[in-house]
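Commentary on secondary and tertiary structure
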Amino acid sequence: MFSHEEIKKRVAEYAADYVEAGMTIGIGTGSTVYWLLQELGKRVQQGLHFKAVPTSRQTQTLATELGISLVDLNNVDQLVLTLDGADEVAPGLQLIKGGGGALLQEKIVAAASRQLIILADESKMVNVLGRFPLPVEVIPFGWKQVQKKIIQQLGCQLVELREKNGETFVSDHGHYILDCHFSQITDTPELNEAIHNIPGVVETGLFPNMADIAVVGYADGRITTTTSTLP
Ligand SMILES: O=C[C@H](O)[C@H](O)[C@H](O)COP(=O)(O)O
């Protein structure tokens, strides 16, 4: 049986095969993407040439250290694909992302990509989204108003301001994150839109109908690929 970390590494090595010479791709954020960057760094050393748009400062720093060529999204028309992790993957490849706080840049990069390929281990696969609290990125000014509206208007049980090391977590773009405990999210596009309608919300960690492929690793060594059923 493979450990949690070994599964992530194996999924990343498998998914690295999607990256071909000459491509310009998006690279996500997180502990699964860490292994992807390690693998892509090795392939760069072996002569693979490609360019990447990072989805966070963390990915930008690590990719640079590993010799991966980075490019500004403003100098790219469209990305061939983006490889990223997720916190939850539900049927139809509906996603919750943002556990690491990178949801805003991740969503911009995903939206600029022809394909979004998600790397996950089996623990991320759920029947219904919501066990993982939904991250919502907000403007710091008046954030408690947004918190109140998510509870009162959208029926969320608990909305917590994210903290890190005892201090309020601040995203790469200077925003706060509200972790929203909805318990069950069955209407992903509708909830995404309803949250967006609250003034002060910058982005949500719901990725409705955005993922095309999920590469999923299991403790017994299997790796499966699931495609979205959407056209
Ligand atoms: O903000 C973080 C991202 O959305 C990550 O892709 C997500 O949290 C999954 O990360 P990990 O691979 O570390 O579980």
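All figures in this text were calculated on a predicted structure; none of them were measured in a lab.

1. Focus: the site of the ligand
- What surrounds the ligand is a group of 17 residues, the closest being Gly 30, Ser 31, Gly 85, Gly 99 and Gly 100.
- When contributions to the shell around the ligand are tallied by element, the ones reaching two or more residues are helix H2 (31-45) and helix H4 (103-111).
- Looking at side-chain class alone, the shell around the ligand contains three nonpolar, 10 polar and four charged residues.

2. A look at the nonpolar core
- Counting 57 residues, the largest nonpolar core has Ala 15, Leu 36, Leu 95, Ile 118, Leu 119, Val 136 and Leu 178 as its most contacted members.
- Both domain 1 (4-125 + 209-227) and domain 2 (134-204) contribute no fewer than three residues apiece to this core.

3. With respect to the sheet that holds strand E5 (residues 88-90)
- Taken together, three strands build an open sheet; the order of strands is E5-E6-E14 and the sheet is antiparallel. At either margin of the open sheet sits one strand with a lone partner, and together these are E5 and strand E14 (206-207).
- Bridge analysis of E5 against strand E6 (residues 94-96) gives three bridges, and the strand direction is antiparallel. Bridge pairing in E6 places Glu 88 opposite Ile 96.

4. A short note on the UniProt feature "active site" (unreviewed entry) in the protein
- Summarizing the sequence annotation, UniProt attributes the feature "active site" (unreviewed entry) to Glu 106 in the numbering used throughout.
- As for its position among the elements, Glu 106 is in helix H4.
- We classify Glu 106 as buried; it has 32 C-beta atoms within 10 Å.
- Ignoring anything within four residues of it in the chain, the contact list for Glu 106 reads Gly 28, Thr 29, Thr 55, Asp 84 and Lys 97.

5. With respect to the confidence of the model for the protein
- Mean pLDDT over the protein stands at 97; residues scoring 70 or higher make up 99%.
- Put simply, strand E16 (residues 223-227) is where the protein has its lowest mean pLDDT, 96, and strand E8 (residues 134-138) is where it has its highest, 99.
- Across the whole predicted complex the pTM is 0.97, and at the interface the ipTM reaches 0.98.

6. Topic: the domain arrangement of the protein
- Domain annotation for the protein reports domain 1 (4-125 + 209-227) and domain 2 (134-204).
- Across the contact, 13 residues belong to domain 1 and 12 residues belong to domain 2.
- If you list the elements that add at least two residues to the side of domain 1 that touches domain 2, you get E6 and H4.
- No other element matches the four residues that H4 contributes to the side of domain 1 that touches domain 2.
- By residue class, the composition of the side of domain 1 that touches domain 2 is four nonpolar, seven polar and two charged.

The rules behind each value
Position labels on residues start from 1 in each chain and follow its written sequence. Residue-level local features of this predicted model are given only where pLDDT is at least 70; pairs of side-chain atoms are given and counted only at 80 or more, and the full residue set underlies all totals for whole chains, interfaces and linings. Should the C-beta atom of a residue, placed from the backbone, lie within 6 Å of a molecule or strand, that residue is near it. A run of H or I in DSSP becomes a helix once it reaches four residues, and a run of E becomes a strand once it reaches two; helices and strands are each numbered from the N terminus. Each residue gets one of three labels, nonpolar for Ala, Val, Leu, Ile, Met, Phe, Trp, Tyr, Cys and Pro, charged for Asp, Glu, Lys and Arg, and polar for the others, Gly among them. Only buried Ala, Val, Leu, Ile, Met, Phe, Trp, Tyr and Cys residues enter a nonpolar core, and they are joined through C-beta atoms within 7 Å. Counting other C-beta atoms within 10 Å of its own, a residue is labelled buried from 20 upward, exposed at 12 or fewer, and partly exposed in the gap between, with every C-beta atom placed from the backbone. Per the annotation, domain bounds derive from an automatic or database assignment of domains. At least two bridges found by DSSP between two strands is the condition for calling them paired. UniProt positions are given in the numbering used here, feature names are shortened, and annotations may be inferred rather than shown by experiment. Note that contacts rest on C-beta atoms placed from the backbone: two residues are in contact if these are within 7 Å. pLDDT measures the predictor's confidence residue by residue and takes values from 0 up to 100.

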